[in-house]
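# A look at the structure
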Amino acid sequence: MTILYNPFFLLFITFVFLFLFRVVLIKTGLIFTVKKKWRLFEDCFHVYQLFKVPKFNESMQRNQLYHKVFVYLNSLTSVEDSDFTNLFTGKKPNEILLRLDPNQIIEDDFLGAKILWINEDNNLVLKIRKADKRRVLRPYLQHIHTISDDLDEKKRDLKLYVNVVGHGDDHKGRWRCVPFTHPSTFETIAMESDVKNKVKSDLESFLKAKQYYHRLGRVWKRSYLLYGPSGTGKSSFIAALANFLSYDVYDIDLSKVSDDSDLKLLLLQSTAKSVIVIEDLDRYLSEKSTAVSLSGILNFMDGMLTSSCSEERVMVFTMNGKDHVDQAVLRPGRIDVHIHFPLCDFTAFKTLANSYLGLKDHKLFPQVEEIFQNGSSLSPAEIGELMIANRNSPSRALKSVIHALQTDGDGRGALNIGRRSTENGPRKLSGEMGEGSGVFGKEGANAVKEFKKLYGLLRVKSSRKSQSFDLNGDRKEGG
Ligand SMILES: Nc1ncnc2c1ncn2[C@@H]1O[C@H](COP(=O)(O)OP(=O)(O)OP(=O)(O)O)[C@@H](O)[C@H]1O
Ligand SMILES: [Mg+2]
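Just so it is clear, the structure is predicted and the values come from calculations on it, not from any experiment.

## Brief notes about the UniProt feature "transmembrane region" (unreviewed entry) in the protein chain
Under the UniProt annotation, "transmembrane region" (unreviewed entry) lies at residues 6–32. Note that residues 6–32 is 93% helix and 0% strand, and that its end C-alpha atoms are spaced 37 Å apart.

## What about the site of ligand 1?
Around ligand 1, the surrounding shell holds 15 residues, and the nearest of these are Ala190, Ser230, Gly231, Ser235 and Ser236. Side-chain polar atom of Lys234 to an oxygen atom of ligand 1: 2.8 Å apart, as the coordinates give it. One of the side-chain nitrogen or oxygen atoms of Ser236 is found 2.6 Å away from an oxygen atom of ligand 1. Taken by itself ligand 1 offers 620 Å² of open surface, and the protein chains cover 73% of this. Mapped by element, the contributors of at least two residues to the shell around ligand 1 are helix H8 (234–245), helix H13 (346–357) and helix H15 (380–389). With 3 residues, the single largest contributor to the shell around ligand 1 is H8. Of the residues assigned to the shell around ligand 1, the class counts are 6 nonpolar, 8 polar and 1 charged. In this structure, the shell around ligand 1 is formed jointly by two domains, domain 2 (163–341) and domain 3 (346–410), each of which donates at least three residues.

## A look at the packing of H15 against helix H16 (residues 394–407)
Two numbers describe how H15 lies on H16: the axes approach to 8 Å, and their chain directions differ by 145°. Once H15 is placed against H16, the crossing between them reads as right-handed. Between H15, through Ile383, Leu386 and Met387, and H16, the contact on the second element is made entirely by Ala397, Ser400, Val401 and Ala404. Split by residue class, the contact of H15 with H16 holds 6 nonpolar, 1 polar and no charged.

Rules used in this analysis
- Residues numbered from 1 in each chain as written.
- Chains lettered and ligands numbered in written order.
- Predicted model: local features only at pLDDT ≥ 70, side-chain atom pairs only at ≥ 80, totals over all residues.
- Heavy atoms only, no water.
- UniProt positions renumbered as here; feature names shortened; annotations may be inferred.
- Helix = DSSP H or I, 4+ residues; strand = E, 2+ residues; numbered from the N terminus.
- Near = heavy atom within 4 Å.
- Polar contact = N/O pair within 3.5 Å; in protein donor to acceptor, adjacent residues only side chain to side chain.
- Areas by Shrake-Rupley, 256 points an atom, 1.4 Å probe, with all protein chains shown as cover.
- Nonpolar A, V, L, I, M, F, W, Y, C, P; charged D, E, K, R; others polar.
- Domains from an automatic or database assignment.
- Axes fitted to C-alpha atoms, helices over the stretch in contact; angles between N-to-C directions.
- Left-handed = near helix turned anticlockwise from the far one by under 90°.
- Contact = heavy atoms within 4.5 Å.

In structure tokens form, the structure reads like this:
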């Protein structure tokens, strides 16, 4: 019996008891019941005020506020924790929507105040403590407006605008629009996932930075340069970017712009929350195949003339290479983020094989890898086409890719890396990411054709090392 008086034994028993008590609290949901009862008890000491948001007004027209509150409430995470929430399928495949049930009560927090909503038949009832009402109600309703507008914006159909040749006093404006239904997303594009994630977080932080840009006296815009050989996914990336942001696309065809002031006009006639695109800018600049001058393009890139500088715009320029482009075009501020689109490497090939052929692995993969290591490469577009043409027979598809790499693709990987070594552009300071500039992707390696064999070795190293984007634009292992 003396063991019962042993302090170590007592300590052990206490631990076991506390552990079991915790398990019981968590597993049985007792903790939630206690919290709920405590809330009910607390409520007895507060005076509440109720506000009704009816679905229809007195002339039986829809009340817009009802729609906004409904959209807002259905987006709250507390809907998931609430009892009796309805589940529906959405428009997109595998999409599940959460919808309030009649008589369901849902809780929200705003500026430290607890707000309850009751979904009655044809009414949404807001319940707020009288003590909080004066401080919170107006900003809370404003907040609902903003959030539901944003959510509606995300749901609306996107548009693609293209510029047409202007006719003097054309009152219809210079843009013609069609629905934008390009299915490309960041998930469908084969590129380093690290680069994709950096672009996504860069865009998200840009969208949140309205006040910041305003305080700095800067136009609220972000400019991306996508550069790389043909068929590497630049245009697909623009579509993915527009889909990610739910922004309309304004695609400027410089050959249809009559002069500098015409280009200004196009920018003035674009709307906020849009992606403004100029493809193949290097070609227009080098061939001088546009009536717009370099200074006209520089002013356009500065975005000074947008109808309101407080409205966000994303600008995207594409180029095959930036070697011969005037440095003024590429300087930070005009181009904030440089993204390199390389020819296919083995990692990108595997992504394509997975999405085009449903192949995670195959006995021919080691052979494909070896060919890539020897410096051969094709663009993802070329490899994608071969896979689509042979999609019923993965083995045949892989054999045709191998054959194409051995014949057409020989040395293109080495050529690519050589080209990259001469690509220049503003060198970036580390830590500038966020509001500064960045180079995303692999670039800046030094290699020549004689080092083709060695290149295989470098490439293995690089694919491991260059997981992150390089703000300095240099890949150390490449020299
Ligand atoms: N990285 C990639 N991942 C997935 N598909 C790709 C990729 N690159 C190209 N493709 C496919 O190849 C086709 C052509 O790609 P895209 O038009 O985006 O290339 P691009 O870089 O804009 O070429 P160009 O410089 O000639 O305009 C598209 O159908 C796209 O699906
Ligand atoms: Mg393109």
